[in-house]
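# Residue-level structural notes
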Amino acid sequence: MNYDEKNIKRCYELAIRAGRKGFDTFGAVLVHDGEILGEAENTADWEKGIFGHAEFNLVHKCANRYSDAILKESTLYTSCAPCERCLCAIASLGVEKVVFGVSYEEFSKLTPGDAVPLDREELLGKLGIRMKLTGPVLEDEGMHVFEWWGGEYRPLEELIAEMAEIKAADKTREERVILRSVTEEDLPEVARTWPSDHRPVSETEARGAISYMRDSCAKNTKGCIHHLCLAVCGTEDPQTIMGWCGLDGRRNHAEPEIFILLDEEYRNKGYGTQCVKELLRMAAEDYGLLSVHGGCDKENIGSRRAMEKGGMVQYGTEDNGDPVFRFTVKEKD
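As a convention, each chain's residues are numbered from 1 in the sequence order in which they are written. Predicted model: local features are reported for residues with pLDDT of at least 70 only, side-chain atom pairs are reported and counted for 80 or more only, and whole-chain, interface and lining totals are derived from all residues. Side-chain metrics rest on all non-hydrogen atoms present in the structure, leaving aside hydrogens and water.

## Section: the packing of aromatic side chains
Classification of ring pairs uses Phe, Tyr and Trp, with its six-membered ring standing for Trp, and accepts pairs whose centres are within 6.5 Å; under 30 degrees between planes counts as stacked, over 60 as edge-to-face, and the remaining range as tilted. The full count for this structure, using the stated rule, is 11 aromatic pairs. Ring geometry for Phe100 against Tyr104: centres 6.3 Å apart, planes inclined by 50 degrees, an arrangement best described as tilted. Measuring from centroid to centroid gives 5.0 Å for Trp194 and Trp244, while their planes differ by 80 degrees, and the two rings are edge-to-face. In this pair, Trp194 is assigned in the loop between helix H9 (187-193) and helix H10 (203-219) and Trp244 in strand S8 (residues 241-248), connecting sequence segments 50 residues apart. Accessibility assignment for this pair places Trp194 and Trp244 in one class, buried. Here a helix means four or more residues in a row that DSSP labels H or I, a strand means two or more in a row labelled E, and each is numbered from the N terminus. Buried residues are those whose accessible area, probed at 1.4 Å on protein chains only, stays under 20% of the maximum for their type, while exposed residues exceed 50% and partly exposed ones sit between those limits.

Shown next as structure tokens:
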């Protein structure tokens with residue numbers, strides 16, 4: 001057993017201990033020169049709104065207890081690849097080396113969403129944060145740790161099979177949404193739904209909007225988005241427009257901003273998340289973009305969740321507190 005495996009095993013012990021107490025099964029330790037400076041278990045309570053991730057708890061334990069020099073030389077070990085909030089917390093501590101047991105990809109077998117192919121090291125680097133993520137380590141053993149999730153033992157195979165059914169059902173729901181360009185045949189629907197102070201527009205305005213969308217789309221090329229606006233429709237009734245979404249490159253053609261404007265009756269029903277996922281796919285696969293930005297009002301919980309579930313990561317806030325998000329494509333080796 002090598003040095004990393006020894007410390008990851010300790011993380012697994014802490015994770016199981018947390019699970020047997022009724023919490024989620026995660027554990028983390030901070031090590032410097034062979035000495036454990038601190039360790040923590042998961043204490044999250046979603047019903048009470050308590051974050052309580054193991055890495056986050058560990059940061060709080062160790063903050064202001066050790067010098068920056070010691071923390072910079074330390075390694076944080078964690079039973080599972082850290083979430084984005086925990087990565088930011090670890091960065092605030094000054095730790096630059098993280099070793100994880102279970103990878104994002106493998107852990108996604110136990111979550112409703114698939115792993116997002118983000119280059120987290122690169123994203124943090126663009127914010128001036130140095131961090132090296134290493135893993136997985138003893139991943140098969142780490143997956144079985146989740147059998148103790150929430151205090152009730154369940155075989156790993158059963159947990160994975162259950163989540164596979166949930167994902168299949170979600171995929172069926174996703175297939176209900178179509179993002180498409182509009183033509184003159186859509187003139188009545190465009191006039192009814194085109195964003196303009198939340199009121200219908202005239203046929204002349206609608207015709208102008210269609211022309212603008214068509215001309216803007218013609219300018220879009222690989223690696224360059226001027227403006228892409230698509231109608232959001234359902235597969236059961238593809239002629240009815242539920243809202244609009246797209247990519248706006250007026251600030252930066254290479255890193256456009258995502259936008260979604262759904263009619264009120266279609267909000268908070270998962271359509272926003274589906275739009276985000278499809279737009280990010282199009283950005284990466286159809287247009288070869290490396291990153292996409294996004295934002296929403298801090299009070300708009302639905303839009304915030306759509307961004308996060310769709311695959312974007314919050315990396316900061318505007319001066320008024322509105323969250324800002326980014327999606328970065330992980331380049332293949």
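## Some words on the nonpolar core
Of all hydrophobic cores here, the largest spans 43 residues; its most connected members are Leu30, Met131 and Phe146. Contacts are assigned to residue pairs that have any heavy atoms within 4.5 Å of one another. With residues up to four places along the chain from it excluded, the contact list for Leu30 reads Glu35, Ile36, Leu37, Gly38, Leu58, Cys62, Leu71, Ser74, Thr75, Leu76, Leu93 and Val95. Core analysis: the second largest hydrophobic core is formed by 30 residues, Cys245, Ile258, Met312 and Val313 among them. The set of buried Ala, Val, Leu, Ile, Met, Phe, Trp, Tyr and Cys residues whose side-chain atoms join them within 4.5 Å is what this entry labels a nonpolar core.

## Remarks on the sheet that holds strand S4 (residues 97-102)
At least two bridges found by DSSP between two strands are what make those strands a pair. The strand order across the open sheet built from 5 strands is S2-S1-S3-S4-S5, with neighbouring strands paired in mixed fashion. Looking at which strands have only one partner, the edges of the open sheet turn out to be strand S2 (35-41) and strand S5 (132-134). Adjacent strand axes in the sheet meet at a mean angle of 20 degrees, parallel and antiparallel pairs treated alike. Inspection of the sheet shows strand S1 (residues 27-32) paired to strand S3 (residues 75-80) by 4 bridges, in the antiparallel sense. For helices, the fitted axis covers only the stretch in contact; all axes are lines through C-alpha atoms, and the angles between them, taken along N-to-C directions, range from 0 to 180 degrees.

## Quick notes on the pattern of salt bridges
The term salt bridge refers to a side-chain nitrogen of Lys or Arg lying within 4 Å of a carboxyl oxygen of Asp or Glu. Evaluation of the coordinates by the stated rule reveals 19 salt bridges. Among the ionic pairs, Glu13 bridges to Arg10, the shortest N-O distance being 2.8 Å. With Glu13 and Arg10 both in helix H1 (residues 3-20) and 3 residues apart, this pair spans about one turn of that helix. Taking relative accessible area as the criterion, Glu13 reaches 48% and is therefore assigned partly exposed. A salt bridge links Arg281 to Glu278; the nearest nitrogen and oxygen atoms lie 2.8 Å apart. With Arg281 and Glu278 both in helix H11 (residues 271-286), this residue pair falls 3 residues apart, about one helical turn. Taking the relative accessible area as the measure of exposure, Arg281 reaches 30% and is therefore partly exposed.

In short, geometric facts, not functional conclusions.
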